[in-house]
Amino acid sequence: MNPALTILMMDAPYEQARTATAFRLLDAALRRGFSLKVFAYEGAVSLPLTLQKPHANAVHGRTLEEEAHPTPPVWVSALMQSARERDLEFEWVNCGLCVDERGATEVVAGAKRGSPADFWRMAGESVNTLVIPTR
Amino acid sequence: MRVLQIIEPAHRATLEEQDDTVLWFTRAIRAAGAEADVLFVGSAVSYAARGQDATGFEVGAWKQRHPPALEHEIAKLIESGARVSVLREDLIERGLDPEAMLPNVGTTSARQLGALLGQYDRVWKW
């Protein structure tokens, strides 16, 4: 069985550099053979929200297709696919109360609803855990 | 597995959440069996000061009925068996008296920090 890492994310998307960095870490961990467990707390529950829409960008002078605007739910799905291709486990749990606060209920297939007890379980099942809080 | 939760930012969404989100999280994982303690550093050392009052938040006709009660939340955390401490240098830097903290909140110095961290299997910095 492959070793697992747990990462807690807390930032909402489109606000800072930590989100992209966290996804880079997740991608690198999968490429190196780690299963992943992600606990999304507070604003991070919006990361797998499927209602996010890419947009054209008039300032860039690009159409919707040309702009190819990145959206985090696509990244979440891409990580899930990458894990499947490598026969690794990938678990994404959204804090349920945080989901309710934000109405962030429409999420990518495979993202689950849970509580801090899930985070504690994930940490116990992992060789290490990284917490990435908001600042 | 023993865990130390180091909390640095203070009053991050405390009015909206009616609590500090990391204190709340710590109480939740302790209820799930975690041996989690707390160390306040930076601006969060103010959480350990006595006499905090977050009442009075009003927006138009709306008035907050249950403001955050951090003294109470910290007391409940300690009641559950958690060790709660603050970094002495960060208290002094902010003009807070290390002798006037909430009951049962300890202080630790920067020089003792290494030994403190060594007591834990995981250290999570928030």
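These numbers come from a predicted model, not from an experiment.

### A closer look at the overall build of chain A
- Along chain A, the regular secondary structure elements total five helices and five strands.
- Secondary structure elements in chain A, listed N-terminal to C-terminal, are β-α-β-α-α-β-α-β-α-β.
- Whereas a compact globule of 135 residues would reach a radius of gyration of roughly 14 Å, chain A reaches 15 Å, a difference of no more than 12%.
- Looking at chain A as a whole, 44% of its 135 residues are labelled buried.

### A look at the sheet that holds strand β6 (residues 105-108) of chain B
All names here are of chain B.
- With respect to topology, five strands assemble into an open sheet ordered β6-β5-β2-β1-β7, the strand pairing being parallel. Each of the sheet's edge strands pairs with one partner strand only, and the pair in question is β6 and β7 (122-125). Within this sheet the neighbouring strands show an average axis-to-axis angle of 25°, counted without direction.
- Bridge count between strand β1 (residues 2-7) and β7: four bridges; the pairing is parallel. Bridge pairing in β7 places leucine 4 opposite valine 123.

### Observations concerning the environment of alanine 111 of chain A
Residues and elements named next belong to chain A.
- Of note, alanine 111 is situated in strand β4 (residues 111-114).
- Each C-alpha atom of the pair alanine 111 and valine 93 lies 5.9 Å from the other, and the pair is 18 residues apart in sequence.
- For alanine 111, the residues in contact, after removing those within four places along its chain, are Pro48, Val76, Trp92 and Asn94.

### Observations regarding the pairing of β6 of chain B
- Examined bridge by bridge, strand β5 (residues 84-87) of chain B and β6 of chain B share four bridges and lie parallel to one another. Paired with serine 85 of chain B across the strands is glycine 106 of chain B, a residue of β6 of chain B.

### Some thoughts on the sheet that holds strand β2 (residues 35-40) of chain A
Residues and elements named next belong to chain A.
- As summarised here, the arrangement of the five strands in space is β4-β3-β2-β1-β5, forming an open sheet in which the pairing is parallel. The strands lining the two open edges of the sheet, one partner per strand, are β4 and β5 (128-132). On average, each strand axis in the sheet is inclined to that of its neighbour by 20°, with strand direction left out of account.
- Both strand β1 (residues 4-9) and β2 contribute to a ladder of six bridges, which runs parallel.

### Quick look at helix α3 (residues 70-79) of chain B
Residues and elements named next belong to chain B.
- Inspection of α3 places Leu70, Ile74 and Leu77 among the buried residues, and these make up the whole buried set. On an axial view of α3, the arc spanned by its buried residues comes to 55°, and they lie on one face. When the buried face of α3 is taken as reference, the exposed residues oriented beyond 90 degrees from it are His72 and Glu79.
- Of the surrounding elements, those touching the buried residues of α3 are α2 (21-31), β2 (35-40), β5 and β6.
- The first or second residue beyond α3 is glycine 81, which carries a positive phi of 110°.

### Topic: unusual backbone geometry
- Even without being glycine, tyrosine 14 of chain A reaches a positive phi, approximately 70°.
- With respect to the element layout, tyrosine 14 of chain A can be found in the loop between β1 and α1 (18-31).
- What makes tyrosine 14 of chain A exposed here is the crowd of 11 C-beta atoms within 10 Å.
- Even without a glycine there, the phi angle at asparagine 104 of chain B is positive, about 70°.
- Here asparagine 104 of chain B shows up in the loop between α4 (88-93) and β6.
- Note on asparagine 104 of chain B: 14 C-beta atoms within 10 Å, which makes it partly exposed.

### Details of the nonpolar core
- Leu8, Met9, Leu26, Leu36, Ala40 and Tyr41 of chain A together with Phe40 of chain B are the most contacted members of the largest nonpolar core, which has 70 residues in total.
- Apart from the residues lying within four places of it in its own chain, the contact partners of leucine 36 of chain A are Ala4, Leu5, Leu26, Ala29, Leu30, Ala83 and Phe90 of chain A.

Reading the values: the criteria
- Residue numbering note: each chain is counted from 1, following its sequence as written.
- Here the convention is simple: chains get letters from A, ligands get numbers from 1, in the order in which they are written.
- For this predicted model, a pLDDT threshold of at least 70 governs which residues receive local features, and a threshold of 80 or more governs which side-chain atom pairs are given and counted, while totals over whole chains, interfaces and linings are taken from all residues.
- Strands are runs of DSSP state E lasting at least 2 residues, helices are runs of H or I lasting at least 4, and numbering of each runs from the N terminus.
- Two things to know: the radius of gyration comes from C-alpha atoms, and the globule rule equals 2.2 Å times the number of residues to the power 0.38.
- Partly exposed residues are those falling between the two cut-offs: more than 12 but fewer than 20 other C-beta atoms within 10 Å of their own, whereas 20 or more means buried and 12 or fewer means exposed, with C-beta atoms placed from the backbone.
- Note on pairing: two strands pair once DSSP finds at least 2 bridges between them.
- Every axis corresponds to a line fitted to the C-alpha atoms, with the helix fit spanning only the stretch in contact, and the corresponding angles, defined between N-to-C directions, vary from 0 to 180 degrees.
- Any pair of residues counts as being in contact when their C-beta atoms, constructed from backbone geometry, are within 7 Å of one another.
- Working note: the arc is built from the helix axis to C-beta atom directions.
- We call a set of buried Ala, Val, Leu, Ile, Met, Phe, Trp, Tyr and Cys residues a nonpolar core when their C-beta atoms link them within 7 Å.

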